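Fold and contact review
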Amino acid sequence: MENKETKAVNIKKIKAELLRTIREREKNAIDEEKIKKIWQRMNENERFGLKFSLFPYWTMAENLTKEEAVKLMKMSEKETGALA
């Protein structure tokens, strides 16, 4: 059976993990709006190039994270079709 100290440590670990999860979800919610704005700004050729990981030069100023870049690439695949 667990003693009080072990339970307290476990509770702290669980709280820390929950806080990490909440922060990650909040970050992802913010990213969606940024992704939509970037997507709307792109022309057809720029969107097509995304599925080959070819990002327009101006997107460097947007400081895209890896996750945001992947989301844009997936949006391109949905619009133009996946590679065979």
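As the structure is a computational prediction, the values presented were derived from the model and not from experiment.

Let's shift gears to the nonpolar core. I35, I38, W39, M42, L50 and L72 together form the largest nonpolar core, which totals six residues. Sequence-distant contacts of I35, defined by excluding residues within four places in its chain, comprise E68, K71, L72 and M75.

Right, let's talk about the pattern of salt bridges for a bit. Counting across every chain of the model gives five salt bridges. Between E17 and R20 there is a salt bridge, with its nearest N and O atoms 2.5 Å apart. Remark: R20 and E17 occur in helix α1 (residues 4-41); sequence separation between them is three residues, near one turn of the helix. Among the ionic pairs, E68 bridges to K34, the shortest N-O distance being 3.2 Å. Here E68 is found in helix α3 (residues 66-80), whereas its partner K34 is found in helix α1, with 34 residues between them in sequence. The class for E68 is buried, based on a relative accessible area of 2%. A relative accessible area of 25% places K34 in the partly exposed class.

Another point: the side chain of S76. Tracing the chain through its elements places S76 in helix α3. Of the polar contacts made by the side chain of S76, one reaches the backbone oxygen of R47; its length is 2.5 Å. Not counting residues up to four positions away in its chain, the partners in contact with S76 are W39, R47, F48, L50, K51 and G81.

Reading the values: the criteria
- Residues numbered from 1 in each chain as written.
- Predicted model: local features only at pLDDT ≥ 70, side-chain atom pairs only at ≥ 80, totals over all residues.
- Heavy atoms only, no water.
- Core = buried A, V, L, I, M, F, W, Y, C linked by side-chain atoms within 4.5 Å.
- Buried < 20%, exposed > 50% of the residue type's maximum accessible area, 1.4 Å probe, protein only.
- Contact = heavy atoms within 4.5 Å.
- Salt bridge = Lys/Arg side-chain N within 4 Å of Asp/Glu carboxyl O.
- Helix = DSSP H or I, 4+ residues; strand = E, 2+ residues; numbered from the N terminus.
- Polar contact = N/O pair within 3.5 Å; in protein donor to acceptor, adjacent residues only side chain to side chain.

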